[in-house]
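Structural characterization, general
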Amino acid sequence: MAAKLPKDVRKTIRFILDGEIVELRNCDPTRTVLQYLREDLQRVGTKEGCAEGDCGACTVVIGELVSVPDGLQLRAINSCIQFLPTLDGKVLFTIESLAAESGELHPVQQAMVECHGSQCGFCTPGFVMSLFALYKSAAHPDRREIDNALAGNLCRCTGYRPIVDAARKMYDYHSTENKDKSSWLSVPGSTVLDELSVTEAQQVDKLRSIAATGTLHLEFDGKQYYAPDSIEELAALLRQNPDACILSGGTDIGLWVTKQHRHLASVIYTGNIQSFKQISVSASHLTIGAGAPISDVMPMLSQYFPELDELFLRFASPPIRNAGTLGGNIANASPIGDSMPVLIVLGAELLLRSGDNNRVIALDDFYLDYQKTALARGEFVQEVRIPLPATDATVRTYKLSKRFDQDISAVCAAFSVAFNENIVTNVRIAYGGMAAIPKRAVKCELALLGKQWDDAGILEAVSALDRDFAPLTDMRASDGYRRNAAANLLRRFYIDSKQGETLTNVYHYGR
Amino acid sequence: MAVKIANSTIRGGVGASHPHDSARLHVTGGATYTDDIPEPRNILHAALGVSSQPHARIISIDLEAVLAAPGVVAVITAEHIPGENNYGAVVADDPILAPDLVQYVGQPIFAVAAATVDQARQAAGLAQVEYAALPAILDAETAVREKSFILPSETLRTGDSRSAIELAPHRLQGKVNLGGQDQFYLEGQIALAIPREGGDLFIYSSTQHPGEIQHAVAHAIGRQAKDVVVECRRMGGAFGGKESQPALIAAVAALLAQKTGAAVKLRLDRDADMIVTGKRHDFVIDYDVGFDDRGVILGINFCYASRCGMSADLSGAINDRTMFHTDNAYFLSDATIESHRCKTHTVSNTAFRGFGGPQGMFGIEYVVDEIARQLQVDPLDVRKVNFYGSDTRNVTPYKQIVDDNIIHEIVDKLEASSDYRQRRVEIAQWNRENDVLKRGIALTPVKFGISFTATHLNQAGALVHIYTDGTVHLNHGGTEMGQGLFTKVAQVVAEEFQIDIDQIKVTASDTSKVPNASATAASSGSDLNGKAAQRAARKIKKRLVKFATEHFSVSAKDVIFANNKVTVGEQSLPFQELIKLAYMARTSLSSTGFYRTPRINYDRSTFSGRPFFYFAYGAAVSEVVIDTLTGENRLLRSDILHDCGDSLNPAIDLGQVEGGFVQGVGWLTSEELWWNQDGVLKTHAPSTYKIPTSSDVPDDLRVELLADSANREKTIYRSKAVGEPPLMLALSVFHAIKDAVAGVTEGKRSPHLDAPATPETILTSIENLSVGLDQ
Ligand SMILES: Cc1cc2nc3c(=O)[nH]c(=O)nc-3n(C[C@H](O)[C@H](O)[C@H](O)COP(=O)(O)OP(=O)(O)OC[C@H]3O[C@@H](n4cnc5c(N)ncnc54)[C@H](O)[C@@H]3O)c2cc1C
Ligand code: FES
Ligand code: FES
């Protein structure tokens with residue numbers, strides 16, 4: 001049943017493509033951007049390699065006006081799992097957008113040609129778009145940054161070396177002299193609003209003119225799609241429509257449609273709510289709006305918890321992190337979600353909201369059973385509150401997977417331990433991949449608390465840990481490996497906490 | 001005696017690092033793949049309905065809900081196939097749609113055509129199929145035990161390995177498991193069938209073998225080859241996965257097109273692609289080896305059991321190649337190589353870069369490493385004492401003389417340039433000082449035989465036209481899958497006519513232009529098609545010379561093609577001028593060319609002869625670090641020296657070397673195919689099947705093509721094939737990992753390590769080593 005709506009609902013979506021405003025009235029809300037491009041526009045440069053966000057062949061770039069830094073932000077996303085109406089209010093760049101009308105290649109494209117960065121070429125449009133996003137955000141990336149920018153793009157032919165070379169070479173073509181003449185797209189680095197070129201300023205004006213304000217409502221073939229622009233409106237819509245599916249980044253939900261062919265009758269999109277993405281810091285807490293994309297969460301977390309850098313760098317890929325939200329990760333309640341073990345050990349709390357009612361719940365208490373949370377019908381996650389780090393605690397997270405980048409954890413571990421004179425005064429340990437939910441290792445914690453932080457104590461804790469979990473065997477790892485590795489991660493944490501000379505992490509070694 | 005072209009200033013001649021001919025199209029999104037072809041009016045989209053059982057009789061299929069689903073226009077099952085229900089090219093045991101028996105989870109049972117892709121896929125999920133389960137054999141070991149073979153087991157024998165092993169001072173026996181690999185081409189399987197007049201069909205197929213598609217489709221629809229035309233401009237990767245498998249996809253599209261009279265496209269989504277189509281064979285390898293104090297192999301027995309899956313497909317030739325590569329670069333005086341081709345109730349495994357060769361080489365490299373660890377010497381020394389000689393110790397187990405051996409030279413160079421010995425010492429010291437992380441290093445060689453082992457396949461045709469404006473249309477039987485074949489062949493033709501490569505258009509592989517072409521496979525693409533195109537060009541050139549001698553009254557030696565011009569005696573005219581004149585004088589400006597590989601002959605009944613025209617060589621040194629707590633690992637550095645003969649295009653060949661190497665690294669490390677107990681593949685998408693990403697490629701990667709190494713055989717400009725051999729350079733990474741694991745006991749014990757060496761496999765290896773289960 002359609003919900004009661006405020007008077008000023010919009011019935012169309014608007015976005016910019018090739019410099020023109022596109023307005024769509026009747027569009028299928030769960031049609032993907034990729035389907036729209038390939039099937040409706042016959043704009044077939046963008047490819048499908050997996051339809052699940054994992055190969056990058058479908059990468060496009062989305063532009064949005066943001067306030068920090070004040071300007072136009074360009075980010076790569078996976079068009080294969082992005083629903084079409086989420087383009088509302090944004091500018092879309094595809095592989096066809098880059099070359100100049102004269103046929104002159106964009107620096108990224110030119111570099112790819114000269115470095116022999118394509119063989120079969122099927123992955124190439126996606127790589128070019130990821131590189132384009134990098135080009136427009138970083139000046140002279142090093143190999144780690146390049147690898148990170150390409151973490152969501154698979155190439156089966158080249159072995160990547162020539163593409164990495166292209167990522168370095170692409171900056172060679174730009175000369176500051178013809179800055180005004182060349183399209184702003186071919187100017188490297190991000191621009192803040194007062195430095196805009198003429199063409200860029202025009203884009204910005206156009207973007208302002210189509211800002212996604214008010215509530216959007218689409219109806220298509222019995223499917224409802226709402227996109228409110230305030231938390232209050234979101235709460236109201238959910239209250240009237242408690243069985244609607246909350247769509248945030250869609251990086252989990254997209255796959256329900258593309259892979260499981262699920263029919264979503266009613267969807268409420270949170271992405272147009274700016275206040276839902278806010279991140280703020282008080283004396284005691286870091287407060288993250290549930291709708292903040294992981295990409296925005298990372299630098300903040302990094303500031304206060306530098307130990308988490310690697311975990312979040314290995315969380316999916318830039319395009320997924322640009323879309324996927326922290327709230328979505330938490331609410332999705334996957335036993336192998338990466339943010340939860342560490343948030344549990346940090347003592348994070350959630351602000352839940354239903355209508356006008358709020359409640360606060362410890363993340364530790366949020367997970368009830370496999371993919372079951374404490375969320376009531378019509379209730380949603382509004383904020384994640386993370387206590388700022390206690391000075392005496394040592395915090396670490398470790399993710400184990402078959403591949404370093406863009407892989408789902410077989411085991412994910414998080415530790416926070418405080419000592420006094422080598423006696424454990426406070427301990428929180430949580431694991432993902434070891435049970436039906438992300439879960440604390442209670443027996444293990446108990447074995448450690450009040451004991452000496454030494455070899456004997458760890459031995460005890462390891463055997464207690466074995467009683468905490470009964471993991472499963474699946475394609476990612478056997479139960480035996482999960483058990484052993486979980487214990488060994490505790491050992492690793494112990495070694496790392498001593499901050500001695502013993503090296504433990506192959507990914508840091510030699511770098 | 002390299003045939004180098006002097007003073008040529010044409011763009012894209014032979015030996016130039018010219019970009020891929022489609023590079024510009026690739027980077028702008030303008031390259032057309034099969035799914036990008038503008039769709040014909042009223043096109044229908046197809047989807048497959050597949051088996052959920054590994055082995056079962058079909059009792060009944062209820063398709064009512066499928067037919068009633070929105071958008072559905074037609075559904076077909078086995079009984080609707082007017083022609084032959086088979087797409088197996090070698091053995092007729094590959095039904096297009098399972099008639100009454102299913103033999104793997106994912107086997108197509110029916111196909112549906114609907115107005116949209118989504119509608120077809122959704123409808124395909126609605127069938128009710130009733131099965132009567134039969135016992136299923138899911139792995140090679142069980143198959144061997146139950147004597148379940150898809151093809152007869154074979155044995156390749158040389159000398160008397162039994163006595164040699166018994167008399168040898170040392171002996172080792174063991175078993176190792178080697179996983180398979182999904183091709184994971186980025187563009188999934190796809191075909192588009194378009195009805196033409198009189199019931200003919202035009203097929204666009206993403207295929208390495210258009211001719212095979214032509215036959216499979218004609219047979220399926222009950223017509224003949226002349227009624228079907230197949231075209232393929234390019235594939236988004238293939239790697240062997242589009243050698244035999246696309247026939248299934250094209251046949252289904254064709255059958256539905258025939259039934260509905262509409263154009264039909266079948267594009268598998270990634271999951272269907274990985275579940276329905278075949279992969280690299282996984283193996284269980286048993287060995288028994290006798291050797292002397294220096295590690296020289298005196299006698300060896302191998303038993304290779306591969307999981308072929310439910311049908312023969314190309315498994316015969318693949319497993320033959322495994323047998324032919326159990327020597328790698330080593331002389332085996334007394335060897336018995338047994339090969340079981342196991343029938344299992346899993347997807348039928350198929351071609352994948354290396355075509356069984358990598359698995360054969362994996363076996364011998366594993367054994368050589370074990371010998372070295374047993375003797376407590378550097379594995380490189382054991383490798384060296386076993387290398388083929390130049391004049392002696394140079395006969396393969398299949399009696400071919402290795403007459404072009406350059407492995408010593410390559411390995412010596414690489415050993416020096418990579419500081420192998422010094423690094424080994426440094427690593428051993430480092431490992432003594434580090435408890436948790438361990439490093440390892442290994443140098444492994446590659447020798448790979450070039451030619452199809454089925455001799456008759458070593459032939460190719462080409463077609464060249466010159467238009468009156470002097471531009472050239474080039475067509476040949478090879479297909480472009482990213483390997484740069486079209487570019488290389490165009491370079492050959494550019495060189496021949498001495499014109500810039502942009503004057504040449506390479507057009508889509510097309511069964512109506514060049515007939516009966518072999519699959520583009522066995523790394524032979526540029527060897528075969530380059531020669532065929534050269535011959536076609538030479539025929540035209542000969543006519544042009546003849547015309548010029550008559551027209552300008554000069555002798556033939558005074559007609560010189562160079563730098564986009566033709567010099568005739570004293571005067572020089574642009575190439576297109578000569579063409580215009582020749583046309584006016586009614587000279588034929590079109591020709592075919594044909595090539596067959598010389599010197600090869602081979603008798604399969606005795607497994608002896610000269611199956612290979614020549615060998616391609618290479619070697620790699622890799623260094624890794626592992627974490628002994630978790631099994632995580634990282635490749636730190638690789639040095640590669642690879643032999644491409646006199647390269648037609650060094651940039652493209654370098655791309656093949658690096659790309660092949662990284663693909664091989666994936667095979668042996670992160671790419672794990674995992675089936676559950678019910679025979680269901682659970683790693684069927686990139687979320688669960690992990691091919692290497694950019695960060696898996698070491699910062700320190702030093703790849704070189706061997707300089708001054710003209711092919712001793714008269715191949716096209718003395719180049720060498722490069723598609724497959726580099727994949728096996730990745731064996732160095734596997735052995736570096738094994739070396740790092742051995743570092744846990746300071747090299748005193750030899751770890752058992754299966755492939756792929758995932759973190760879990762590595763940790764298991766370490767644990768077994770520590771509790772002394774291994775020796
Ligand atoms: C290729 C790929 C790689 C991935 N890699 C990782 C990884 O490494 N680690 C990892 O942890 N995850 C990974 N994921 C999963 C996914 O990206 C994350 O879970 C992401 O954080 C989900 O956020 P979202 O905003 O996209 O959620 P959505 O897909 O929008 O929603 C997910 C679920 O949460 C609900 N929901 C969303 N927001 C709220 C809210 N505010 N209140 C209540 N319910 C809400 C939705 O209704 C839905 O049930 C990966 C996904 C893909 C496709
Ligand atoms: S198609 Fe693979 S990520 Fe979108
Ligand atoms: S060029 Fe083929 S997948 Fe990258």
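On a predicted model such as this, the values are computed, not experimentally measured, just so you know.

Residues and elements named next belong to chain A. Strand order in the open sheet formed by four strands is S6-S7-S9-S8, and the pairing between neighbours is mixed. At either margin of the open sheet sits one strand with a lone partner, and together these are strand S6 (216–220) and strand S8 (245–247). Averaged over all neighbouring strand pairs, the angle between strand axes comes to 20°, with direction disregarded. Bridge count between strand S7 (residues 223–227) and strand S9 (residues 266–269): three bridges; the pairing is parallel. Across the sheet, Gln-224 pairs through a bridge with Ser-266, a residue of S9.

What follows deals with the interface of chain A and chain B. Listed per partner, the contact involves 70 residues of chain A and 71 residues of chain B. Within the residue set of the side of chain A that touches chain B, elements represented by two or more residues are helix H2 (107–114), helix H3 (124–135), helix H4 (143–149), helix H5 (161–169) and helix H17 (479–497) of chain A. Examining the composition of the side of chain A that touches chain B, we find that seven residues originate from one element, H17 of chain A, more than from any other. Across the side of chain A that touches chain B, the residue classes break down as 35 nonpolar, 21 polar and 14 charged.

This part takes up the domain arrangement of chain A. All names here are of chain A. With domains assigned, chain A is organised as domain 1 (33–209), domain 2 (275–387) and domain 3 (394–497). For domain 1 and domain 2, the distance between their C-alpha centroids amounts to 29 Å. In this assembly, twelve residues from domain 1 lie in contact with seven residues from domain 2. Those elements giving two or more residues to the side of domain 1 that touches domain 2 turn out to be strand S4 (71–78) and H4.

How large an interface is tends to be reported as the accessible area lost when its parts come together. Residue and element names in this part refer to chain B. Here the domain parsing of chain B yields domain 1 (23–31 + 459–596), domain 2 (42–135 + 183–276) and domain 3 (283–453 + 604–770). Between the C-alpha centres of domain 1 and domain 3 there is a distance of 39 Å. Listed as interface residues are 17 residues of domain 1 and, on the opposing side, 17 residues of domain 3. Every element with two or more residues in the side of domain 1 that touches domain 3 is listed here: helix H14 (485–497) and helix H15 (525–552). Residue contributions to the side of domain 1 that touches domain 3 peak at six residues, all from H15. Its residues placed into classes, the side of domain 1 that touches domain 3 shows three nonpolar, eleven polar and three charged.

Moving on, we come to the site of ligand 1. Residue and element names in this part refer to chain A. Taken together, 33 residues lie around ligand 1, and Gly-249, Ala-316, Gly-328, Asn-329 and Ala-331 are the ones closest in. At the level of secondary structure, the elements contributing two or more residues to the shell around ligand 1 comprise S8, helix H8 (253–258), helix H11 (318–323), helix H12 (326–332) and strand S16 (380–387). The leading source of residues in the shell around ligand 1 is H12, at five residues. Split into classes, the residues belonging to the shell around ligand 1 amount to 14 nonpolar, 15 polar and four charged. Both domain 1 (33–209) and domain 2 (275–387) contribute no fewer than three residues apiece to the shell around ligand 1.

Residues and elements named next belong to chain B. Across the sheet, which stays open at both edges, the four strands sit in the order S19-S18-S17-S24 with mixed pairing between neighbours. Every interior strand has two partners, whereas the edge strands, strand S19 (504–506) and strand S24 (590–596), have only one. On average, each strand axis in the sheet is tilted by 20° relative to the strand beside it, whichever way the strands run. By the bridge criterion, seven bridges tie strand S17 (residues 459–466) to S24 in an arrangement that is antiparallel. Looking at the pairing, Val-464 lines up with Ser-591 of S24. The strands that H15 touches are S17, strand S18 (472–476) and S24; relative to S24, the one it contacts most, it runs at about 140°.

Glancing now at H14 of chain B. Under the 1.5 Å per step criterion, the end-to-end length of H14 of chain B is 19 Å for 13 residues, consistent within 8% with the ideal 18 Å. For H14 of chain B, the buried fraction is high: 13 of the 13 residues fall into the buried class.

A separate point is the environment of Asp-364 of chain A. Residues and elements named next belong to chain A. Note that Asp-364 resides in helix H14 (residues 363–366). Using a count of 18 C-beta atoms within 10 Å as the deciding quantity, one classes Asp-364 as partly exposed. Each C-alpha atom, one on Asp-364 and one on Leu-346, is 9.9 Å from the other, the two residues being 18 residues apart in sequence. In this structure, Asp-364 is in contact with Ile-344 and Arg-440, ignoring residues within four places of it in sequence.

Omega for the bond connecting Ala-755 of chain B with Pro-756 of chain B falls within 30 degrees of zero, at 0°, which places this linkage in the cis form. Of note, Pro-756 of chain B is situated in the loop between helix H18 (731–742) and helix H19 (759–770). Although it is not a glycine, Tyr-160 of chain A adopts a positive phi angle of roughly 75°. Mapped onto the fold, Tyr-160 of chain A is located in the loop between H4 and H5.

As a further point, take the packing of H15 of chain B against helix H16 (residues 575–584) of chain B. Residues and elements named next belong to chain B. Put simply, H15 and H16 touch, their axes get as near as 10 Å, and they point 80° apart. By the criterion of interaxial angle, the relationship of H15 to H16 is roughly perpendicular. Contacts between H15 and H16 involve Leu-544, Phe-547, Ala-548 and His-551 from the former and Leu-578, Leu-581 and Ala-582 from the latter. In the contact of H15 with H16, the residues fall into six nonpolar, one polar and no charged.

Further remarks concern the nonpolar core. All names here are of chain B. One finds Val-112 and Ala-253 to be the most contacted residues of the largest nonpolar core, which totals 350 residues. The dominant element in this core, judged by the number of residues it contributes, is helix H7 (residues 246–260), at eleven residues. Those residues within four positions of Val-112 in sequence are excluded, and the remaining contacts are Ala-46, Ala-47, Gly-49, Val-66, Val-72, Val-75, Ala-120, Ala-123 and Ala-124. Ile-499, Phe-561, Leu-578 and Tyr-595 belong to the second-largest nonpolar core, a separate cluster that totals 44 residues.

All names here are of chain A. With respect to the helices, strands and loops of the structure, His-263 is situated in the loop between H8 and S9. Classification of His-263 as exposed rests on a count of 12 C-beta atoms within 10 Å. Sequence spacing of His-263 and Thr-30 is 233 residues, and the spatial spacing of their C-alpha atoms is 8.6 Å.

Rules used in this analysis
Residues numbered from 1 in each chain as written. Chains lettered and ligands numbered in written order. Predicted model: local features only at pLDDT ≥ 70, side-chain atom pairs only at ≥ 80, totals over all residues. Pairing = 2+ DSSP bridges. Helix = DSSP H or I, 4+ residues; strand = E, 2+ residues; numbered from the N terminus. Axes fitted to C-alpha atoms, helices over the stretch in contact; angles between N-to-C directions. Contact = placed C-beta atoms within 7 Å. Nonpolar A, V, L, I, M, F, W, Y, C, P; charged D, E, K, R; others polar. Domains from an automatic or database assignment. Near = placed C-beta within 6 Å. Expected span 1.5 Å × (residues − 1). Buried ≥ 20, exposed ≤ 12 C-beta atoms within 10 Å, placed from the backbone. Parallel < 35°, antiparallel > 145°, perpendicular 65-115°, else oblique. Core = buried A, V, L, I, M, F, W, Y, C linked by C-beta atoms within 7 Å.

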